[in-house]
Amino acid sequence: MNTINLKAAKQEGSFKDSKAVKYFAALIIGLVIGSSKVADTAMAVLYALFSLYCLFLALKGDLKTLFKFFPYFVYTEIYVRAFPSFLPNIYADYLFLAIFALLLLKQGSTFRLYSISFVFIGLYALIEIIDTVRTNEPDFARIHSVNSINLFLVTLWASSNILKLSTLNTLLNNFKIASIYLAGIVLAAHLFGHVEYNTGSSFAASNGLAPVQLSAYLGLGVVLLFLSIVNTLEKEDIFLNLLFFILLLILMLLTFSRGGLYFFAVIAVLYMLFNRKNLGSYFIFLILLPIGYIVYYYVVSATNGLIVDRYEQAGASGRDLLVEVGIKIFLSDPLAGIGTGNFSKEIVARHLYEVESGAHNEFIRAAAEHGIIGIITYWGFYLFLFFEIMSRRGVFRQYSLYFFALFCLILIHNGLKIVLQPTILILAVVTPAFAVTKKTK
């Protein structure tokens, strides 16, 4: 039977017994923060202290405890970045880099590799750093370079580690709770504020948080809750998971950013393909159909039908045009591209786009800024990792492909530079203990 959590891991802790308490506590904490009961400066201080504690746990090598707290470090980044504070804009990226650098150092100089895909992303990160000598936008170049280094570090760490089931489930469970905590922050705007809708992405409905980024955070939460709903080992918690699945799905739709729904739809289709012979899977989807209608009816009513207009809009909010622009730049500079971070300036200088804009698609940015070398290394990383995942067996391949697909969809949708991205890569690359045990037997 294909399931994400295995029974042995489920029996190791008492998480199940307090799951409802943790879910509702996370929601209430989010509501308190989202209703501005905590000053922005105080939140920045708390976030800095919390992140340093995560760094301390990495220094100790206490992975299981780190994974209890790490998801909240990841999910609070979007809130801290939304308001002015004394923290640098990419503070979370720097801390993420330090955490995984320390975890790698704790492993010592000898460790076994279970994937070699990190070689491609390592070469790409090196190219990003070298190509900063040509940049006209040092801030953008630094952001891109740090993000690429993080992708390399996390892939190298995940490629050289086997995670115990209890540790992996600790990470997954706390990501679900963190997504509910973030949903509470967003929900505060709907309960205590005044939200007006139009046909564009709504900062009011997202409580001042970036709607496109929020679709990635809530999208991961929706996916994890969906996987819990279809998991037969969590059937006693199905109504609790359904309740928060519906809440996150509604809040995600009300931001009017279409990405999150697309992410979930792709993962749901993948699940059906993997489990097409399992009659229980079809029964679960029969349950979800009326829920989907209820969510649709509520969202349409709450927005006076504007959500329908949003999803009927042609195009991809300019992203399709930026893809065309990126291809034109690549064709004009195919060998080495235009240099790290120069995309936004170049598209205006070359009269290809009216305003400065990021590529919103990392595959296109890699081609435009680094030419054929960028394609070989960056695109090669995902292609190689995809074939590695497809060579895996059973539930290991299944859950790896879910998170690999989610990671790539986020890259294509907006090319976000948030620490959630490399974190998802952990789930796609790392080898769980049951895969090694099963192979040995």
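Just so it is clear, the structure is predicted and the values come from calculations on it, not from any experiment.

1. Concerning the packing of aromatic side chains
According to the stated counting rule, one finds 33 aromatic pairs in the structure shown. Look at phenylalanine 226 and phenylalanine 264: their rings are 5.3 Å apart centre to centre, the planes differ by 80 degrees, and that puts the pair in the edge-to-face class. Of this pair, phenylalanine 226 sits in helix 9 (residues 211-229) while phenylalanine 264 sits in helix 11 (residues 259-274); the two residues are 38 residues apart in sequence, bridging distant segments of the chain. A relative accessible area of 0% means that phenylalanine 226 is categorised as buried. The class for phenylalanine 264 is buried, based on a relative accessible area of 12%. With a centroid separation of 6.5 Å and 45 degrees between ring planes, the pair formed by tyrosine 382 and phenylalanine 404 is classed as tilted. With tyrosine 382 in helix 16 (residues 362-390) and phenylalanine 404 in helix 17 (residues 394-414), this residue pair connects regions lying 22 residues apart in the sequence. Phenylalanine 404 carries the same exposure label as tyrosine 382, and that label is buried. Counting every residue linked through ring pairs, the aromatic cluster contains Tyr124, Phe363, Tyr378, Trp379, Phe381, Tyr382, Phe386, Phe387, Phe404 and Phe407.

2. Observations concerning the nonpolar core
Leu66, Phe100, Trp157, Tyr382, Phe403 and Leu420 are the most contacted members of the largest nonpolar core, which totals 133 residues. A per-element tally of this core places helix 8 (residues 165-192) first, with 15 residues. In this structure, tyrosine 382 is in contact with Leu151, Phe363, Phe404, Phe407, Cys408 and Leu411, ignoring residues within four places of it in sequence.

3. Description of a positive patch on the surface
The grouping of Lys22, Lys64, Lys68 and Lys164 at the surface amounts to a positive patch. Position of lysine 22 relative to the elements: it lies in helix 2 (residues 19-34). With a relative accessible area of 36%, lysine 22 lands in the partly exposed category.

4. Quick word on a nonpolar patch on the surface
Taken together, the side chains of Phe111, Leu113, Ile116, Val119, Leu123, Leu126 and Ile130 define a hydrophobic patch exposed on the protein surface, amounting to about 600 Å² of accessible area. In this structure, leucine 113 sits in the loop between helix 5 (91-107) and helix 6 (118-130). By relative accessible area, which is 38% here, leucine 113 ends up partly exposed.

5. Quick word on the environment of valine 186
As for its position among the elements, valine 186 is in helix 8. Separated by 121 residues in sequence, valine 186 and threonine 65 have C-alpha atoms that sit 27 Å apart. Here valine 186 is in contact with Ala205, Ser206, Asn207, Leu209, Leu214 and Leu251, once residues within four sequence places are set aside.

6. Here's the deal with helix 4 (residues 63-82)
For helix 4, built from 20 residues, the straight-helix expectation of 28 Å at 1.5 Å per residue is met to within 8% by its first-to-last C-alpha distance of 29 Å. At phenylalanine 69, helix 4 is deflected by roughly 35 degrees, the largest bend along its length, and proline proline 71 occurs up to four residues later in sequence. Counting buried positions over the 20 residues of helix 4 gives 15, a clear majority of the element.

7. Examining the pattern of salt bridges
Here the structure, examined in full by the defined rule, presents 13 salt bridges. Taking the shortest distance from any N to any O, the salt bridge between arginine 142 and aspartate 139 comes out at 3.1 Å. Of the two residues, arginine 142 and aspartate 139 are both situated in helix 7 (residues 138-159); the distance of three residues between them amounts to about one turn of the helix. Taking relative accessible area as the criterion, arginine 142 reaches 38% and is therefore assigned partly exposed. Across the pair arginine 365 and glutamate 362 runs a salt bridge, and its minimum N-O distance is 3.1 Å. With arginine 365 and glutamate 362 both in helix 16 and three residues apart, the pair spans about one turn of that helix. Overlapping salt bridges bring together Lys19, Lys176, Glu234 and Asp237 as one network.

8. Thoughts on the environment of asparagine 173
With respect to the helices and strands, the residue asparagine 173 is situated in helix 8. Considered as a pair, asparagine 173 and leucine 224 are 51 residues apart in the sequence and their alpha carbons are 8.5 Å apart.

What counts and what doesn't
- Residues numbered from 1 in each chain as written.
- Predicted model: local features only at pLDDT ≥ 70, side-chain atom pairs only at ≥ 80, totals over all residues.
- Heavy atoms only, no water.
- Phe/Tyr/Trp six-rings, centres within 6.5 Å; stacked < 30°, edge-to-face > 60°.
- Helix = DSSP H or I, 4+ residues; strand = E, 2+ residues; numbered from the N terminus.
- Buried < 20%, exposed > 50% of the residue type's maximum accessible area, 1.4 Å probe, protein only.
- Core = buried A, V, L, I, M, F, W, Y, C linked by side-chain atoms within 4.5 Å.
- Contact = heavy atoms within 4.5 Å.
- Patch = residues over 30% accessible without salt bridge, like charges linked within 9 Å, V, L, I, M, F, W, Y side chains within 5 Å.
- Areas by Shrake-Rupley, 256 points an atom, 1.4 Å probe, with all protein chains shown as cover.
- Salt bridge = Lys/Arg side-chain N within 4 Å of Asp/Glu carboxyl O.
- Lys, Arg positive; Asp, Glu negative; His and termini not counted.
- Charge placed at Lys NZ, Arg CZ, Asp CG, Glu CD.
- Expected span 1.5 Å × (residues − 1).
- Bend = angle between axes of the 7 residues up to and from the residue.

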